[in-house]
Every structure is written in structure tokens, then in C-alpha cells.
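Structure assessment
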Amino acid sequence: MAVKLLKTDVLVIGGGLAGYHAGITAREAGAEVIMVEKNYSGTSGHSTFARDMMLFNEDWGDNLQDWRDQFIHIGEYINNQEWVDLLLKEGYARYRDMVSWGMPFYLREPGTEGFPGDDHPYGNAVLSDEIGFPEEGEEPFRYRHQRTKYRKSTAIIKFGKREKLLDARRKAESIGIQIIDRVMMTDLIKNDGRITGAVGFDTRTGQVHVFECKACIMACGSLTFKPGYFSVQCNTGDGVAMGYRAGAELTGMEFGSGMWVCKDVDAVTIDGPVAELGLTEDCFTNGKGEEFLDDTAHLPTNIHWPLEVHKGNGPLFHEPYNYDRTNYEDALKKYDETAEGPWLTMMDRAGVDIFHDRFEQYMAFTGNIWPGGLKINTKCETNVPGLYAAGDSAGSNFTGPTYGTLGSGMCHAAVTGHRAGEYAAEYVRDLEQVEITEEELRGYERATLGAVERGHGFTTEHVLTRIQQTLFPYEVRLIMKEDRLQAALTMIEFFRDHFMPKTYAKDFHDLRNYHELRNMMVGAEVMLKTAIMRKESRGWFFREDYPRRDDKNWMKWIIAKQGEDLEMALSTEDVPLEWQGDLDQPYEERYMLQYRLEEE
């Protein structure tokens, strides 16, 4: 089958919110744009299941310093404050972009004032009944999520329907962007030190696609390892790994996160959807029947949950609400129409009634969803000319080791996507395209399809299972310790060196699994090595052998890069002194998240 050669100014890899902002912005700036997605663009990835976006606007009475302080305190002084300011100041313009594309949002109901839910201790509220397109300057329905000691300023808007990205797709196609579905990109092409193309293949036919481009924007999501948490199974660190192999620097990769997963409904995340109705705070108990979360709202629950299990007090249970479900059918129907509505549907299908049933939950390690990625400047440029990154593929360090606020990920996707598209279009304007030779095309084809042609060896299922068995136990990447991290790294390096050269793909769909494994291997290695390097605990990053923050030695970002010898090289970059806060402030005042380390 002949290699398919395509040419464009800007190649956008990924079809989520960041990718659409990047592609549409670059096209409207005059660049030819191709967007390529390994699934069906507009229906997959994390953006599809996100329902909230942080939205700041001083004209509505929002205080910039209060919002900044929230990010700085939650980020524990190692987030990039330039990016905090950019997200806050540019988020409104990106929201208006989405309204103009035809994306509906929940509207403020006539006659209402303030933030719905402020008078409720859990901070949530019943959704507005109005959905539509706000006029410019009109404040949409906004609410604050669970006001706490440290999370009390930011407000969130809600997307008005689950299929919102299909509206973005229609906009992109209407202005001449070519969208290519079900083509997985595998590697970048460099000439004279800059990106000049990329290689991928059709996951159904196996046809190799080679793109000649002047710039490439990575917007293909985060690094996960196909966990039991819906919406991120396709995010396997593809952009991070492709960029790394091309010489790009990575940052923030030591940080990771866990998600609340219902054991009896494998692959569902649920941390209390009934609370969305503004009814009650959730109640969780340990194996001894004790409530292990109290009203101390500044506990890092992503650590406190597995720490409770580590103490031998598991398993953990979500207690029933004991409300009459029939009284809330209208509210539940509305909730089911939001992006996260499938939570309830999946629970119902499994025969679990969250109103009346007690069910077991655990904190599942997912990967590096929002903290790290390809290191970018404020133009979304990486250190490799012609390579840009946006959304969860981008390492902007905007949030630090703890997620800043609900909806900040979508704001980050929109703002970084727009900036990547703007500056990529500017970069390519007077740039000559580098042509790819026939001999090079044949070489890319052989490298891409090699696992299918191998025909024997280890299966992709086997290798994925071994990666998951190595990384998913809570004691490896949630409650960390150097000897356990090193043991996991030893196994990942063995999988990389022994399994991968002998792994084969049964067909072209399985070839996608193979290339995802290549990328997950890079992600696992860099995540473990950087976690070993950071000898402290900070935010949701918890080292059992270093259980306190170490401001003297670790007000730093860790940078990972592939060296000339193909070995991983690690270095650090100091957080600017003016961003480090008052270093003389008492520890308990400086850090609002507190760990519980002793038996009570």
C-alpha cells in the first residue's frame, strides 16, 4: 500500500478542546491547517467528558489577587505564575470564542444574584434550567465548588451539552480545516534541528500517513496507563513521548493523581454525584466502620484515602444517602445530560443504587493528567523549533502538584490552544517547507508497521497488563518510597528493553496498542525517575520516606530530556524567588494541605 503524503503549514495532533482552539486560531490567522486524531475527532478524550470551565471576569466583581492566591496556595509556590495570570486574564475571550462556534452554556436565571450554592456547606447547587448562548458581557450560570480553607475564590461555568466538541468540529470544517480521523501519529520528523513533519497510520487499514508541515502542535492529551476511570483510556502520553523522542524537554512529570473509582462498577469515577443536587456532603467509612474524613476540608484526599488503606484500615466505603430518589428525578435527568452524566447510568446498569446502597471505592492511580508535559514558554513553544504544545500535552506548570480548581484544565486547554495556534501561524508565515524523499517515506513505513510484520512474540495485552501491575498498586505511585519506586523502575526498564523489541501487533488496530505501549514506556520511565529525584512531599505528591515539604532544596521544577546517547538526562530549574512566597512563614500556615501520618 502506498504511503499517503500530505502537506500543510500547521499540523495539529489531537481533537480535544486544546486542539480545536489551536487549529481554528491558526486557520483564522491565515495558515493551512490539518487536524489529525487517532479516534473520531470531537467525540473522544478528556475534553469530551469535562463539563466545567473556570471563568474569571473583573467586570463581574472577581478579584484578580484572590484568584491568583488560590492557585499559588494550592500550587504550593511551585506553579508558574505567568501562566496563572494568562489563564485568568484570557479565559473570558476563549469562552466567547466557544460561544461564537455554537457551543451552548448554562445561563444565569433571571433575577438571580451571587453564586448558587454559596449558602450550602458543600458548595454545589442544582443546575440552572436555562441553556443557550450568553450575550457578550452577560454573566452565565457560575458556581463555586466546595468552598474550603484554600479553595474559595474561583467560579465555574458549565458546558450546556455533552457533545460540545462536535460544535467545534463544525466550526473547524466550515473555515477549511482538514480533519483526519482514526490516524494515530507515532513520530515527529526533524531536519536541521526543527520539526518538518510527522508520521502516523490509519488504525483500520494500516495505510501510513506522512505529513510535511512547517510547525506541529501537540494537543493529544495527557499521560495515563488505561486506568479504571472512563474518558482517559485513550490518553497514553502520545504527544509527550513523540516530543521527547524529538529532543523536547519535559517538566512536572513526577506529579500524578488518583481518582475515586467504584470497585463494583469497574471503570467509573464517582465522588458523589448526589451532592451535585446540593443535598449533602458524602460520607465515607473505612473497614472498621469509622468515618475517616471529617470536616477538615484541607486534607489532601488523594493521599488520605490510600494512606488510610496503608495503615491497614481498608477497605473504604461510600455510605448510602438514604434519600427518596423519586423526589429528584428531574434533577437527575438534567445531570445525566451533562458530560459526567454517564456516572449515574453506569452505576444503574451495574445494579448499584447510589441513593440507598453502600459501595466500595478506592483511589486509583491514573497517571499525569494535568501537571506535566512538554515544557513550553508563554508562546507555547517547546525547546525544539517548530514544535508547540497545548492542553494536557503541555507542561506549563500552571497548577503545581495539586489541581488548582475545578474547570481550570479546560481553561488551560482553551488558552494554551489559542496561543499555540496564534504563534505557530506566525512562525510558519515565511518558512519554506522541507520535502521528504521517496527513500525516507519507505523508511517511515517500515518503522511504523514493523510490529505487525513481526508476527510473533509478546502480545500487547501482556505488556499492558505488566505495566499496570507495576504502576497501579497504591504503594507505588500514591504512597511512594524510594525502594518501591526503584523496584518499579527496574521492571519498566526490563519491559522496555526485553518485551518491546519482541512485542507484535495482531492487526492494524492492535498496532495502535503497540505504539501506545511505546509511549507509555517513555512516560512510565520519566515519571518514576523524576519521582525518585524529588525527595520531599508536596501537594498530591507524597513520599513516605520524605513526608514534609522541603523548601530549602525543592523549590524547583524537574526537567527531563533525551540525551545524545538516548539516555534520559534530568536537571532542575529554580522557581523564581519572587514566586516562592514568605519562606519565614510557619509551615502550618504556609501550607494549607496537611497530611495525617500517625494513627489516631
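From a predicted model like this one, the values you see are computed outputs, not experimental measurements.

**Comments concerning the overall build of the chain**
- Helix and strand counts for the chain come out as 17 helices and 24 strands.
- Taken over C-alpha atoms, the radius of gyration comes to 23 Å for the chain, in line with the 25 Å a tight globule of 600 residues would show.
- Counting only C-alpha atoms and orienting by the principal axes, one finds that the chain spans roughly 65 × 55 × 55 Å.
- Counting every position in the chain, which comprises 600 residues, the buried fraction comes to 61%.
- Here the contacts in the chain between residues at least 6 apart in sequence split such that 76% fall between residues at least 24 apart.
- Summed over its atoms, the accessible surface of the chain is roughly 22400 Å², and 47% of this surface lies on carbon and sulfur atoms.
- Side-chain charges of the chain comprise 66 positive and 98 negative groups, with the mean position of each set lying 3 Å from the other.

**Comments concerning the nonpolar core**
- Membership of the largest hydrophobic core comes to 155 residues, with the highest contact counts inside it found for L11 and M218.
- Ranked by residue count, the leading element in this core is helix 15 (residues 508-533), at 12 residues.
- When near neighbours in sequence (up to four residues on either side) are disregarded, M218 contacts I13, L188, G239, M242, L374, L387, Y388, A389, A390 and S393.

**Regarding the sheet that holds strand 1 (residues 4-7)**
- Strand order across the open sheet formed by four strands is 1-12-11-10, with mixed pairing between neighbours. Only two strands of the sheet have a single neighbouring strand rather than two, namely strand 1 and strand 10 (183-191). Averaged over all adjacent pairs, the angle separating strand axes in this sheet is 25°, with direction ignored.
- Note that strand 11 (residues 194-202) and strand 12 (residues 208-212) share five bridges and pair antiparallel.

**A look at the side chain of T186**
- With respect to the helices, strands and loops of the structure, T186 is situated in strand 10.
- Every residue in contact with T186, bar those within four places of it in the chain, is listed here: V199, G200, F201, M242, R245, T448, H515 and R518.

**A closer look at the layout of surface pockets**
- A volume near 390 Å³ is recorded for the second largest pocket.
- Elements with a contribution of two residues or more to the lining of the second largest pocket: helix 6 (238-245) and helix 15.
- In terms of residue count, helix 15 provides more of the lining of the second largest pocket than any other element does, four residues in total.
- The class makeup of the residues in the lining of the second largest pocket is six nonpolar, one polar and five charged.

**Some thoughts on the pattern of salt bridges**
- Across all of its chains, the model carries 48 salt bridges by this definition.
- Residue K161 pairs with D167 through a salt bridge whose shortest N-O separation is 3.1 Å.
- Among the residues examined, D167 registers a relative accessible area of 6% and is labelled buried.
- One salt bridge connects R534 with E536, and the closest N-O pair in it is separated by 2.7 Å.
- Judged by relative accessible area, E536 falls into the buried class, the value being 0%.
- Through salt bridges with shared partners, one network takes in E254, R534, E536, R538, D551 and R590.

**A closer look at the sheet that holds strand 20 (residues 373-375)**
- Spatially, five strands are ordered 22-20-15-23-24 in an open sheet, and the strand pairing comes out mixed. Each of the sheet's edge strands pairs with one partner strand only, and the pair in question is strand 22 (394-395) and strand 24 (568-574).

**With respect to empty space enclosed by the protein**
- Scanning the entire structure with this criterion turns up four cavities of 30 Å³ or more.
- The space that makes up the second largest cavity amounts to roughly 50 Å³.
- Along its surface, the second largest cavity is lined by G256, S257, G258, N302, I303, R477, L478, M480, W540 and F541.
- Elements with a contribution of two residues or more to the lining of the second largest cavity: strand 16 (257-262) and helix 7 (301-310).

**Looking at helix 14 (residues 482-499)**
- If you check helix 14, its first and last C-alpha atoms are 25 Å apart, about what 18 residues at 1.5 Å a residue would give, namely 26 Å.
- Among the residues of helix 14, those classed as buried are L485, A488, L489, I492, F495 and F499. Seen end-on, helix 14 carries its buried residues on one side only, within an arc spanning 140°.
- Against helix 12 (460-471), helix 13 (474-477) and helix 15 lie the buried residues of helix 14.

**Focus: the pairing of strand 16**
- Within strand 16, six of the six residues are buried, which leaves it mostly tucked inside the rest of the structure.
- Because side chains alternate across strand 16, one face comprises the buried residues S257, M259 and V261, and the other comprises G258, W260 and C262, equally buried.
- Note: strand 16 against strand 19 (residues 359-368), six bridges, orientation antiparallel. Bridge pairing in strand 19 places M259 opposite A364.

**Remarks on the packing of aromatic side chains**
- In this structure the tally under the stated criterion is 22 aromatic pairs.
- When the centroid spacing of 6.5 Å and the interplanar angle of 25° are considered together, the rings of F225 and F365 count as stacked. Of this pair, F225 sits in the loop between strand 14 (223-224) and helix 6 while F365 sits in strand 19, and the two are 140 residues apart along the sequence. Here F225 matches F365 in class, with each residue buried.
- Ring plane angle 40° and centroid distance 5.6 Å describe the contact between W370 and Y403, whose orientation is recorded as tilted. Highlighted residues: W370 in the loop between strand 19 and strand 20 and Y403 in the loop between strand 22 and helix 10 (408-428), separated in sequence by 33 residues.
- Overall, the relative accessible area of 9% leaves W370 in the buried class.
- Cluster of aromatic residues (ring-pair linked, three or more members): W60, Y92, Y95, F105 and F159.
- Positioned above the aromatic ring of F159, the side-chain terminus of K164 is 5.2 Å from the ring centre.

**Topic: the pairing of strand 24**
- Relative to strand 24, strand 23 (residues 556-562) runs antiparallel, the two sharing seven bridges. By the bridge assignment for strand 24, W557 is matched with E573.
- Between strand 23 and strand 24, which pair antiparallel one after the other, the connecting turn spans five residues, and L566 there sits at a positive phi close to 70°.

How each quantity is defined
Per chain, residues are indexed from 1 in the order of the written sequence. Thresholds applied to this predicted model are a pLDDT of at least 70 for local features of residues and 80 or more for the giving and counting of side-chain atom pairs; totals over whole chains, interfaces and linings are not thresholded and use all residues. Only hydrogens and water are set aside; all other atoms, that is, all heavy atoms of the structure, feed into the side-chain values. Only runs of H or I of at least four residues qualify as helices and only runs of E of at least two qualify as strands under DSSP, and these elements are numbered from the N terminus. What the globule rule says is 2.2 Å times the number of residues to the power 0.38, and the radius of gyration is computed from C-alpha atoms. Partly exposed describes any residue whose relative accessible area lies between the buried limit of under 20% and the exposed limit of over 50%, with all areas from a 1.4 Å probe on protein chains only and scaled to the type maximum. Note on contacts: a residue pair qualifies if any of its non-hydrogen atoms lie within 4.5 Å across the two residues. Accessibility throughout is a Shrake-Rupley quantity obtained with a 1.4 Å probe, and a residue counts as covered only by protein chains that appear here. Under this rule, positive means Lys or Arg and negative means Asp or Glu; His and the chain ends count for nothing. Charge positions are represented by NZ for Lys, CZ for Arg, CG for Asp and CD for Glu. Buried Ala, Val, Leu, Ile, Met, Phe, Trp, Tyr and Cys residues that are joined via side-chain atoms within 4.5 Å together make up what is termed a nonpolar core. Paired strands, as defined in this entry, are two strands with at least two bridges between them according to DSSP. A fitted line through C-alpha atoms represents every axis, and for helices the fit uses only the stretch in contact; the resulting angles, taken between N-to-C directions, go from 0 to 180 degrees. Method remark: on a 1 Å grid restricted to protein atoms, a set of points is classed as a cavity if a 1.4 Å probe fits but cannot get out and as a pocket if it is open with protein on both sides within 12 Å along at least five of seven lines; lining residues have an atom within 4 Å of a point. Grid points are joined across faces, edges and corners, and a volume is the space filled by probe spheres set on the points. Following the grouping adopted for this structure description, the nonpolar residues are Ala, Val, Leu, Ile, Met, Phe, Trp, Tyr, Cys and Pro, the charged ones are Asp, Glu, Lys and Arg, and the polar ones are all others, Gly among them. Salt bridge criterion: a side-chain nitrogen from Lys or Arg within 4 Å of a carboxyl oxygen from Asp or Glu. Residue count minus one, scaled by 1.5 Å, sets the expected span of a helix. Think of the arc as the fan of directions from the helix axis to the C-beta atoms. When two rings of Phe, Tyr or Trp (its six-membered ring) have centres within 6.5 Å they constitute a pair, described as stacked for plane angles under 30 degrees, edge-to-face for angles over 60, and tilted for the intermediate range. Lysine NZ or arginine CZ positioned within 6 Å of the ring centre and within 35 degrees of the ring normal marks a charge as sitting over the ring.

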